[in-house]
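Chains, contacts and geometry: an overview
One-letter residues, chain by chain:
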Amino acid sequence: MISPKNIKELQDASRDLTVHFVNRLTYRVESRSNPENPYIVRVNFDDGRTVQAICTCPWATFNGIGCAHVMATLEHLASQKDRTLSFWNDETDARRQKHRLFKLIGNQDSKDQSNVWITSRGIS
């Protein structure tokens with residue numbers, strides 16, 4: 001899996017996307033390039049600290065992890081619990097924030113995959 005290099009810019013872009021609930025694990029997220037063709041994001045919270053999220057966008061299809069659609073979906077879910085998220089490429093940077101920490105994985109958690117780290121904090 002490949003994590004995005006420009007993760008903070010991608011996080012900013014994800015804030016403009018609309019997320020629609022489909023079912024407990026599935027969400028429909030608008031596409032900026034083709035609003036008529038939304039992407040599907042499936043989310044599974046594995047062990048309380050690992051989030052598996054898979055998107056149907058081209059980036060995710062070619063082994064990308066942490067696309068804007070996944071970020072928008074996770075931020076949508078966090079906002080329902082009065083929380084906000086930040087996304088990080090580096091675990092050390094994420095831990096420095098001193099907030100709840102989660103690891104985002106794609107199709108599977110393998111040793112050769114890049115990870116995206118998520119910190120969660122309450123909205124003040």
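What comes next concerns the included structure. (Residues numbered from 1 in each chain as written. Predicted model: local features only at pLDDT ≥ 70, side-chain atom pairs only at ≥ 80, totals over all residues. Heavy atoms only, no water.)

Some points on the nonpolar core
So the rule is basically this: Residue types Ala, Val, Leu, Ile, Met, Phe, Trp, Tyr and Cys, when buried and joined through side-chain atoms within 4.5 Å, form a set referred to as a nonpolar core. Residue burial is assigned from relative accessible area. The probe radius is 1.4 Å, only protein chains are included, and a residue is buried under 20% of its type maximum, exposed over 50%, and partly exposed in between. Each helix corresponds to a stretch of at least 4 residues labelled H or I by DSSP, and each strand to a stretch of at least 2 residues labelled E; elements are numbered beginning at the N terminus. Note on contacts: a residue pair qualifies if any of its non-hydrogen atoms lie within 4.5 Å across the two residues.
With 29 residues, the main nonpolar core has Val43, Cys55, Val70, Leu74, Phe87, Leu104 and Ile118 as its most contacted residues. If you list the elements that add at least two residues to this core, you get helix 1 (7-14), strand 2 (26-29), strand 3 (39-45), strand 4 (50-55), helix 3 (68-79), strand 5 (83-88), strand 6 (100-105) and strand 7 (116-122). No other element matches helix 3, which puts 7 residues into this core. Setting aside residues no more than four positions away along its own chain, Phe87 makes contact with Ile7, Lys8, Gln11, Met71, Leu74, Val116, Trp117 and Ile118.

Considerations on the layout of surface pockets
Where we set the bar: A pocket, in this scheme, is an open set of points on a 1 Å grid over the protein atoms alone with protein on both sides within 12 Å along at least 5 of 7 lines, while a cavity is a set where a 1.4 Å probe fits but cannot get out; residues line either one if an atom lies within 4 Å of a point. Grid points are joined across faces, edges and corners, and a volume is the space filled by probe spheres set on the points. Gly is placed with the polar residues, together with every amino acid not listed as nonpolar (Ala, Val, Leu, Ile, Met, Phe, Trp, Tyr, Cys and Pro) or charged (Asp, Glu, Lys and Arg).
If you add up the space inside the largest pocket, you get close to 370 Å³. Looking at the largest pocket, it is lined by 14 residues, and the ones nearest its centre are Phe45, Leu77, Ala78, Lys81 and Phe102. Per-element tally for the lining of the largest pocket: the top contributor is helix 3, with 3 residues. Taken together, the residues that form the lining of the largest pocket break down as 8 nonpolar, 3 polar and 3 charged.

Some remarks on the pattern of salt bridges
Put simply, the rule reads: Criterion for a salt bridge: a side-chain nitrogen of Lys or Arg within 4 Å of a carboxyl oxygen of Asp or Glu.
Counted according to the given criterion, the structure contains 3 salt bridges. Put simply, Glu91 and Arg95 hold a salt bridge, and the shortest N to O gap is 2.8 Å. Residue Glu91 and its partner Arg95 are both found in helix 4 (residues 91-96); the two are separated by 4 residues, about one turn of the helix. One salt bridge connects Arg96 with Asp93, and the closest N-O pair in it is separated by 2.6 Å. Of this pair, Arg96 and Asp93 are both found in helix 4, 3 residues apart, which corresponds to roughly one turn of the helix. A relative accessible area of 55% means that Arg96 is categorised as exposed.

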